[in-house]
Amino acid sequence: MNFKRAISMGVLIVLVVSLASGLNANGLNGGRGLTYVKSAWSLKPGYLTLYGRSQVFGKVASHEGASNAVSYWNIQGAFSLNYGVSKHLEFAISPIMYQDTQRGEKRYIMPGDLYMGLKFGSYNIKRSSLTWGISLDTRFPTGKESNIVFEPYSAGTVEWGFTGMLSYSKDPLYPEEELNVDFNIGYLNHNDVGESLSANSANNFNVTSMTQEILYGFGLKIPSSEFDFSVELYGNSFIQKPPKETAYSIENYFYLTPTISYHAFKWLTFKVGADFRLSSNTDETTYEYISKFPEALPNYPTWRLNFGVNILLLPTNVFRVSDKDILIRKAENRRELFEQIINEQRETESAEEELDRIKAERKKAERELERLRRILEGDKNKKTTSEPPPSE
């Protein structure tokens, strides 16, 4: 069994296991797409990418009545493996490898939760520059802690969701070379009824209503030969909020994320960006069963730095491809596209001819019905006039 076939079999086994587990929640974006906003284009068959990302936030604050200030920060490290199973199917596995929630004390979480997902994408809308797709994702509680301050709400359960994606590119055949616009709308279910979020189990405070939220995002990317410039707007809106007595992040959030990507090689890209919170700094948590932090600290970071690297692992021939080979391949793809357009035009012309024929048949049938109606009316009148008048 060759290496490529072994990879395919391994991915197939993981897919079967994940489907049996109940797929779907929004995790780390790998493959094609921006930092948070997903692209409707899926990876090509046989392509395997590795994307590693680190996020950093920090703030110095002091408790009321305390003489010394304390440093608070949140650091997260994660990576995503994405594999193109077929033209329209992509599989992703994204573990959070490290979570550091320093709150005046050392709190390291290694590893964190695990995300798994399927993307059904690269469905082009005929005769347009629009492509659509849908992703199904699941978050598995492999980390030892949930309901983490400075992070979006998590309940320590198997959480699931889905995201609809719509992408625009002036050149759908090579979207990475033209202006890209991506739009996402998704649903997330935290599956947390009956869960206790309190740090002290003696409080016995359980979630009574399922926490659900809508996720949305809009992204714009301007590519070039060496650098890509992108900007994203993304946020959430709770349908049903988690309990205010025990959950930290129960408010809706809205972020702006500008990013610069550098293509060092055909197979290696570096990214650096920042998140800026545009939503208000309100705090709805009542802190009845969890500890409260200084008033100066928000539930969501006001800012956050992102660092990432994207590596193309498969196919290996990408490392040996020259610019000439790329141009030849593009020319072949263009020829296939032109042939497809010609075939679609022929099908359209044939469909138009069939439609004209159906219209002509319908008019003919209408004329026949009208002729039959007149004949029947004529027979009726003839019969009426030929009958003798009734006797008195």
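Computed from a predicted model, the values in this text were never measured in an experiment.

A few points about the packing of aromatic side chains
Okay, step 1: Per the stated rule, a full pass over the model turns up 15 aromatic pairs.
Okay, step 2: Judged by centre distance (5.3 Å) and plane angle (65 degrees), the ring pair of Phe 57 and Phe 150 falls under edge-to-face. Separated by 93 residues along the polypeptide, Phe 57 in strand β1 (residues 48–61) and Phe 150 in the loop between β6 (130–140) and β7 (159–169) bring together distant segments of the chain.
Okay, step 3: Phe 57 sits in the buried class, given a relative accessible area of 1%.
Okay, step 4: Assessed through its relative accessible area of 1%, Phe 150 is described here as buried.
Okay, step 5: With a centroid separation of 5.3 Å and 5 degrees between ring planes, the pair formed by Phe 265 and Trp 267 is classed as stacked.
Okay, step 6: Put simply, the rings of Tyr 36, Tyr 234, Tyr 253, Tyr 255 and Tyr 300 touch in pairs and so form one group of aromatic residues.
Okay, step 7: For the cation-ring pair, Arg 304 lies above Tyr 255, with the distance from its terminal atom to the ring centre recorded as 5.4 Å.

What to know about the pairing of strand β9 (residues 212–222)
Okay, step 1: Burial of the side chains of β9 is restricted to one face: Glu 213, Leu 215, Gly 217, Gly 219 and Lys 221 are buried, whereas none of Gln 212, Ile 214, Tyr 216, Phe 218, Leu 220 and Ile 222 on the reverse face is.
Okay, step 2: Hairpin geometry of β9 and strand β10 (residues 227–240) is characterised by an intervening segment of four residues between the two adjacent antiparallel strands.

Quick look at the pattern of salt bridges
Okay, step 1: Taken as a whole and judged by the stated rule, the model has four salt bridges.
Okay, step 2: The residue Lys 241 makes a salt bridge to Glu 284 at a minimum N-O spacing of 2.9 Å. Of the two residues, Lys 241 is situated in the loop between β10 and β11 (254–265) and Glu 284 in the loop between β12 (268–277) and β13 (303–314); the sequence distance between them amounts to 43 residues.
Okay, step 3: A residue is classified by how much of its surface remains accessible, and Lys 241, at 30% relative accessible area, is partly exposed.

Examining unusual backbone geometry
Okay, step 1: Put simply, Met 110 and Pro 111 share a cis peptide bond, and its omega is -10 degrees.
Okay, step 2: On the secondary structure map, Pro 111 appears in the loop between β4 (108–109) and β5 (114–124).
Okay, step 3: The amide bond that connects Leu 314 to the next residue, Pro 315, takes the cis arrangement and shows omega of 0 degrees.
Okay, step 4: Residues other than glycine seldom take positive phi values, yet Asn 147 does so here, at roughly 50 degrees.
Okay, step 5: Within the element layout of this structure, Asn 147 appears in the loop between β6 and β7.
Okay, step 6: Of the residues examined, Asn 147 reaches a relative accessible area of 9% and is grouped as buried.
Okay, step 7: The backbone of Asn 191 sits at a positive phi, close to 50 degrees, despite the residue not being glycine.
Okay, step 8: Within the fold, Asn 191 resides in the loop between β8 (180–189) and β9.

Side note on a positive patch on the surface
Okay, step 1: Judged by side-chain charge, Lys 359, Arg 362, Lys 363, Lys 364 and Arg 367 come together as a positively charged surface patch.
Okay, step 2: For Lys 364, the location among the structural elements is in helix α2 (residues 323–386).

Description of the nonpolar core
Soluble globular proteins: nonpolar side chains tend toward being buried together.
Okay, step 1: The biggest cluster of nonpolar side chains holds 10 residues, and these are Phe 57, Ala 61, Tyr 72, Val 149, Phe 150, Tyr 248, Tyr 287, Ile 290, Phe 293 and Leu 297.
Okay, step 2: Residues in contact with Tyr 287, not counting those within four places in the same chain, are Lys 244, Glu 245, Tyr 248, Lys 292 and Asn 299.
Okay, step 3: Tyr 36, Tyr 234, Tyr 255 and Tyr 300 belong to the second largest nonpolar core, which has eight residues in total.

A word on the confidence of the model for the protein chain
Okay, step 1: Per-residue confidence for the protein chain gives a mean pLDDT of 82; residues scoring 70 or more make up 77%.
Okay, step 2: Within the model, pLDDT remains below 50 along residues 7–26, and this stretch shows 45 contacts once partners closer than five positions in the same chain are excluded.

Quick notes on the rules
Residues numbered from 1 in each chain as written. Predicted model: local features only at pLDDT ≥ 70, side-chain atom pairs only at ≥ 80, totals over all residues. Heavy atoms only, no water. Phe/Tyr/Trp six-rings, centres within 6.5 Å; stacked < 30°, edge-to-face > 60°. Helix = DSSP H or I, 4+ residues; strand = E, 2+ residues; numbered from the N terminus. Buried < 20%, exposed > 50% of the residue type's maximum accessible area, 1.4 Å probe, protein only. Lys NZ or Arg CZ within 6 Å of the ring centre and 35° of its normal. Pairing = 2+ DSSP bridges. Salt bridge = Lys/Arg side-chain N within 4 Å of Asp/Glu carboxyl O. Patch = residues over 30% accessible without salt bridge, like charges linked within 9 Å, V, L, I, M, F, W, Y side chains within 5 Å. Areas by Shrake-Rupley, 256 points an atom, 1.4 Å probe, with all protein chains shown as cover. Lys, Arg positive; Asp, Glu negative; His and termini not counted. Charge placed at Lys NZ, Arg CZ, Asp CG, Glu CD. Core = buried A, V, L, I, M, F, W, Y, C linked by side-chain atoms within 4.5 Å. Contact = heavy atoms within 4.5 Å. pLDDT = per-residue confidence, 0-100.

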